[in-house]
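# Survey of secondary and tertiary structure
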Amino acid sequence: MTTTERPLALVTGASSGIGYELARQFAQHGFDVVVTAEDAELDTAAESLKEYGGQVTPVRADLTRYDEVERLWTASVAAGRPLDAVAVNAGVGVGGAFRETSLEAELKLVELNVTSSVHLAKRAVAAMTARGKGKILFTSSVAALTPGPFEAVYAASKAFLHSFAEALRNELKDSGVTVTSLLPGPTDTEFFERAGMEDTRVGSGKKDDPAEVARQGFDALMKGDDKVVAGSLMNKVQGVAGRVTPDTAKAAMHRRMAEPGKGDTSEKDE
């Protein structure tokens, strides 16, 4: 297919982890992709995606800034082509007791995980509904289904994204635009290191393959599903249990997994 015949997807947080693997799914399935992240690894990731034969456009941007989200959107549609899919994936975590964590770090988390997601969704929904066609994926988390002691703001941000995705899906049900929420469990990415959670049970425990998580998310998006709890069977069990377990019990379970100093860092997966 020529560039103008190929569908176009935008993926945020695409330099590594689930975001990179989502971009790879799009590229493998015949999409041209616009990929964005803040770090320099983006150029390397973009170059590797070109092996699938499509056009890859990297846009380095700090999505905690309003003007940078606007710049990303402008760059994504600069060629006059409509976006067929948008994967709102960029996110960050902050681990530790809320009374001790950095206020600046927590507010940055909200700006990236929540504010930039709403901003980008506003632009995407307007463009897609005008066209009567499009697919939007939000990377939430199984953490969205439970209160999250020792990553309280992160879990709340993912709960926001999941609720937001489900609400938009209902609003847009007759528009030709579908919205899907991706809820992975612990995944083998740089998330726990960056969040300062390597000494927790969840940070030092077994994790899912980001490529498999992305594949399940992409498949759900293409089918138009409302959500997918991706990764291991345990994640899926947790997703089901989360519907009936009291919040107090879920918070206690999460505390055991996320409390600092409780993990075994001697046998981390490579």
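Here the structure is shown first, and the text comes after it.
Residues numbered from 1 in each chain as written. Predicted model: local features only at pLDDT ≥ 70, side-chain atom pairs only at ≥ 80, totals over all residues. Heavy atoms only, no water.

## Structural notes on the overall build of the protein chain
Defined as follows: Here a helix means four or more residues in a row that DSSP labels H or I, a strand means two or more in a row labelled E, and each is numbered from the N terminus. It only takes one pair of heavy atoms within 4.5 Å for two residues to be counted as in contact. Values of accessible area rely on a 1.4 Å probe in the Shrake-Rupley scheme; residue burial ignores everything except the protein chains shown. Positive residues here are Lys and Arg, negative ones are Asp and Glu, while His and the chain termini are left out of the count. By convention, the charge on Lys lies at NZ, on Arg at CZ, on Asp at CG and on Glu at CD.
The secondary structure content of the protein chain amounts to ten helices and seven strands. Projected onto its principal axes, the C-alpha coordinates of the protein chain cover approximately 55 × 40 × 35 Å. Of all intrachain contacts in the protein chain linking residues separated by at least 6 positions in sequence, the fraction that spans at least 24 positions is 69%. Accessible area of the protein chain: about 12600 Å², with a carbon and sulfur share of 53%. For the protein chain, the distance from the average position of its 31 positive side-chain charges to the average position of its 39 negative side-chain charges is 5 Å.

## Looking at the pattern of salt bridges
The test is simple: What makes a salt bridge here is a side-chain nitrogen of Lys or Arg within 4 Å of a carboxyl oxygen of Asp or Glu, nothing more. For each residue, the accessible area found with a 1.4 Å probe, counting protein chains only, is set against the maximum for its type, and the residue is called buried under 20%, exposed over 50%, and partly exposed in between.
All told, the structure shown has 17 salt bridges when counted by the stated rule. A salt bridge links D32 to R6; the shortest N-O distance between them is 2.8 Å. With D32 in strand β2 (residues 32-37) and R6 in the segment before β1 (8-12), this pair connects stretches of sequence that are 26 residues apart. Comparing D32 with R6 shows no difference in burial state: the two are buried.

## With respect to the sheet that holds strand β7 (residues 227-230)
Counted only if it meets this: Pairing between strands is defined by DSSP: at least two bridges between the two strands are required. Helix axes are fitted only over the stretch in contact, all axes being lines through C-alpha atoms; the angle between N-to-C directions runs from 0 to 180 degrees.
Read from one edge of the open sheet, seven strands run β3-β2-β1-β4-β5-β6-β7, paired in parallel fashion. Two strands lie at the open edges of the sheet, namely β3 (56-60) and β7, each paired on one side alone. Recorded for the sheet is a direction-independent mean angle of 15 degrees between the axes of neighbouring strands. Pairing analysis gives six bridges linking strand β5 (residues 134-139) to strand β6 (residues 177-184), with the strands arranged parallel. Note on β6: the bridge partner recorded for G134 is V177. Strands in contact with helix α1 (residues 17-28) are β1, β2, β4 (85-88), β5 and β6; relative to β1, the strand with the most contacts, it is inclined by about 170 degrees.

## Comments concerning unusual backbone geometry
It is generally the case that most residues other than glycine have a negative phi and that most peptide bonds are trans. If you check the backbone angles, F150 has positive phi at about 70 degrees while not being a glycine. Relative to the assigned elements, F150 resides in the loop between β5 and α5 (152-171). Judged by relative accessible area, which is 17%, F150 ranks as buried.

## Some remarks on the packing of α1 against helix α2 (residues 41-49)
As a reminder, the rule being used: An angle counts as roughly parallel when it lies under 35 degrees, as roughly antiparallel when it exceeds 145, as roughly perpendicular when it falls between 65 and 115, and as oblique in every other case. If you view the pair so one helix is near and one far, a crossing is left-handed when the near helix is turned anticlockwise from the far one by less than a right angle, and right-handed when it is turned clockwise. Polar here means any residue other than Ala, Val, Leu, Ile, Met, Phe, Trp, Tyr, Cys and Pro, which are nonpolar, and Asp, Glu, Lys and Arg, which are charged; Gly is therefore polar.
Running from N to C, α1 and α2 cross one another at 25 degrees; their axes reach a closest spacing of 10 Å. Relative to α2, α1 is oriented roughly parallel. Judged by the twist between their axes, the crossing of α1 over α2 is right-handed. Together, Y20, A23, R24 and A27 of α1 and A45, S48 and L49 of α2 make up the contact between the two elements. Residue composition of the contact of α1 with α2, by class: five nonpolar, one polar and one charged.

## Some remarks on the pairing of β6
Test applied: By definition, the crossover connecting two strands over a helix is right-handed if that path, from the first strand to the second, turns clockwise as seen with the strands pointing away from the viewer.
In terms of residue burial, β6 counts as a mostly covered element, since seven of its eight residues are buried. This β-α-β element, β5 to α5 to β6, shows right-handed connectivity. Here β6 pairs with β7 via four bridges, running parallel. Looking at β7, one finds that L183 is bridged to V229.

## Considerations on the environment of A45
Inspection of the secondary structure puts A45 in helix α2. Judged by relative accessible area, A45 falls into the buried class, the value being 7%. Once the C-alpha coordinates of A45 and A156 are considered, the two residues, 111 residues apart in sequence, prove to be 30 Å apart. Apart from the residues within four sequence positions on either side, A45 is in contact with A14, S15 and Y20.

## Quick look at helix α8 (residues 210-223)
We apply this condition: For a helix, the expected span equals 1.5 Å multiplied by the number of residues minus one. Under the rule applied, a polar contact is a pair of N or O atoms within 3.5 Å (in protein, one hydrogen donor and one hydrogen acceptor; residues adjacent in sequence only if both atoms are side-chain atoms).
Relative to the 20 Å expected for 14 residues at 1.5 Å per residue, α8 spans 20 Å between its end C-alpha atoms, a close match to the ideal helical length. Turning to α8, its buried residues number three or more, namely P210, A211, V213, A214, Q216, G217, F218, A220 and L221. With a side-chain oxygen lying 3.0 Å from the backbone nitrogen of A211, the N-terminal cap of α8 falls on D209. Following α8 by one or two positions, G224 has its phi on the positive side, about 80 degrees.

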